[in-house]
Amino acid sequence: MRRYGKHTDEDDIRTRPGRRNTRPRTNIRPKHEDAAEGLVLTVDRGRLTCLVEDRVVMAMKARELGRKAAVVGDRVALVGDLSGRKDTLARIVRIEERTSLLRRTADDDDPYERVVVANADQLAVVTALADPEPRPRLIDRCLVAAYDGGLDPLLVLTKSDLAPPEKLLELYGDLDIPYVVTSRAELDSGVAVDRAREHLDGKITAFVGHSGVGKTTLVNALVPEERRRTTGHVNAVTGRGRHTTTSALALPLSGSDGWVIDTPGVRSFGLNHVDPSRVIHAFPDLEPGTEGCPRACSHDEPDCALDTWVAEGHADPARLYSLRRLLATRERKEGD
Ligand SMILES: Nc1nc2c(ncn2[C@@H]2O[C@H](COP(=O)(O)OP(=O)(O)OP(=O)(O)O)[C@@H](O)[C@H]2O)c(=O)[nH]1
Ligand SMILES: [Mg+2]
Ligand SMILES: [Zn+2]
């Protein structure tokens, strides 16, 4: 599994030197050595639902965390009432270092459209083969976010009862991404669950995709009702009477230490934060070829050394084509 070391930039805000000291120094406060470890399962406004041992504990952020926000998947340290009893509230005093971070640039002000998940190993990019129509551009954007954030991608193609998967799979063949195809009948019979679990067991997987593609339907099939500890505030009924997911929710996969994280549907996936050098890390066959590149190479310019790398036979030209298609998706307008 790739480890994710950057993006801790906001973490240091509190300790920035030169700041006026209006409060007692940090080192005379209790260090919370007795804090319990918890996993953030869902976040609803300021309230975080955390799993502490086998208890579900409601918590809020301690003031000392400052602007730093805990997100679903975060490992946190909690103090206070950890009983999990009704109307109790614990405090989150620390957010542990993240191994991965799935981010979207905030490019609109719809609060339900921000997907941010920490520590996931895998990003399941869910696409319906029909209803709604597949949008390869959105898939490409999700893949770039996965590579950038240190997550391994998995393609999940749903509703194969409505349209065949071949054309779409062909588009991603050169990227060697594992995939799962599911249909209504296979969901009902349990075949889809078995097939999906081969890719999910033992891993933390975040499911993302356009609204209505079937993320929640699949997650519910994977995690039967009795296993679900937290529900209720994560769904809203849409105008058409369908239930749409309104916040991310982590659920445990029984019989494995894996987790699945359902997320609200996205219309777009902003990528302004993406760094091409992190994306290329996911292309180990091409990465060594970038040594001869000019500084801050976009890898899609005349002096890019990857053309020579491929011409010399070190990697398949189709792979370079795929990489460039993904990197270029950052510049294109979203929504088509
Ligand atoms: N025909 C068919 N319909 C499906 C399949 N999977 C899910 N659906 C239907 O698709 C609709 C949307 O499913 P959801 O699981 O709510 O979709 P979602 O991706 O969670 O949507 P948001 O929460 O809005 O992001 C529901 O009416 C499902 O019954 C499938 O394999 N075949
Ligand atoms: Mg949903
Ligand atoms: Zn280059």
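Residues numbered from 1 in each chain as written. Chains lettered and ligands numbered in written order. Predicted model: local features only at pLDDT ≥ 70, side-chain atom pairs only at ≥ 80, totals over all residues. Heavy atoms only, no water.

As annotated in an unreviewed UniProt entry, the protein carries the name Small ribosomal subunit biogenesis GTPase RsgA and comes from Streptomyces viridochromogenes. Listed in UniProt under the heading Subunit (unreviewed entry), the comment for the protein reads: "Monomer. Associates with 30S ribosomal subunit, binds 16S rRNA." Recorded in UniProt for the protein, the comment headed Subcellular location (unreviewed entry) runs: "Cytoplasm". (UniProt positions renumbered as here; feature names shortened; annotations may be inferred.)

Looking now at the nonpolar core. Counting 57 residues, the largest nonpolar core has Leu-123, Leu-143, Leu-286 and Leu-323 as the members making the most contacts within it. Considering every element that reaches this core, the biggest residue donor is helix H1 (residues 136-149), with 8 residues. Apart from residues lying up to four places away in sequence, Leu-123 is in contact with Leu-102, Cys-142, Ala-146, Leu-151, Asp-152, Pro-153, Leu-154, Ala-206 and Val-208. (Core = buried A, V, L, I, M, F, W, Y, C linked by side-chain atoms within 4.5 Å. Buried < 20%, exposed > 50% of the residue type's maximum accessible area, 1.4 Å probe, protein only. Helix = DSSP H or I, 4+ residues; strand = E, 2+ residues; numbered from the N terminus. Contact = heavy atoms within 4.5 Å.)

As enumerated under the stated definition, the model contains 13 salt bridges in all. The shortest N-O distance in the salt bridge between Glu-53 and Arg-55 comes to 3.4 Å. Its relative accessible area of 65% is what places Glu-53 among the exposed residues. Arg-319 serves as the salt-bridge partner of Asp-285, at 2.7 Å between the closest nitrogen and oxygen. With Asp-285 in the loop between helix H6 (276-280) and helix H7 (306-311) and Arg-319 in helix H8 (residues 317-328), the pair connects residues that are 34 residues apart, well separated along the chain. Judged by its relative accessible area of 11%, Arg-319 falls in the buried class. Salt bridges here are not isolated pairs; linked through shared partners, they connect Asp-300, Asp-307 and Arg-324. (Salt bridge = Lys/Arg side-chain N within 4 Å of Asp/Glu carboxyl O.)

Burial of strand E2 (residues 47-52) is extensive: 5 of the 6 residues sit out of reach of the surface. Where strand E1 (residues 36-44) folds back onto E2 in an antiparallel hairpin, the turn is made up of 2 residues, including Arg-45, whose phi is positive at roughly 50°. Pairing geometry for E2 and strand E3 (residues 55-61), over 5 bridges, is antiparallel. The residue of E3 that forms the bridge with Val-52 is Arg-55. Hairpin connection from E2 to E3: 2 residues lie between these consecutive antiparallel strands, with Glu-53 at a positive phi of about 50°. (Pairing = 2+ DSSP bridges.)

Below, the discussion takes up the site of ligand 1. The environment of ligand 1 is made up of 20 residues, and the closest members are Asp-161, Ser-211, Lys-215, Thr-217 and Thr-244. Ser-211 places a side-chain nitrogen or oxygen 2.5 Å from an oxygen atom of ligand 1. Interatomic distance of 2.4 Å between a side-chain N/O atom of Thr-244 and an oxygen atom of ligand 1. For ligand 1, the protein covers 86% of the area, taking 660 Å² as the surface of the free molecule. Its residues assigned to classes, the shell around ligand 1 shows 4 nonpolar, 11 polar and 5 charged. (Near = heavy atom within 4 Å. Polar contact = N/O pair within 3.5 Å; in protein donor to acceptor, adjacent residues only side chain to side chain. Areas by Shrake-Rupley, 256 points an atom, 1.4 Å probe, with all protein chains shown as cover. Nonpolar A, V, L, I, M, F, W, Y, C, P; charged D, E, K, R; others polar.)

A separate point is the packing of aromatic side chains. Overall, the coordinates contain 1 aromatic pair when judged by the stated rule. Residues Tyr-147 and Phe-283 carry aromatic rings whose centres are separated by 5.5 Å and whose planes lie at 65° to one another, so their mutual orientation is edge-to-face. A residue pair is termed long-range when its members are at least 10 positions apart, and Tyr-147 in helix H1 and Phe-283 in the loop between H6 and H7 qualify at 136 residues. On the basis of relative accessible area, Tyr-147 is assigned to the buried category, the value being 7%. Of note, Arg-104 hangs over the ring of Phe-269, and the distance from its end group to the ring centre comes to 5.6 Å. (Phe/Tyr/Trp six-rings, centres within 6.5 Å; stacked < 30°, edge-to-face > 60°. Lys NZ or Arg CZ within 6 Å of the ring centre and 35° of its normal.)

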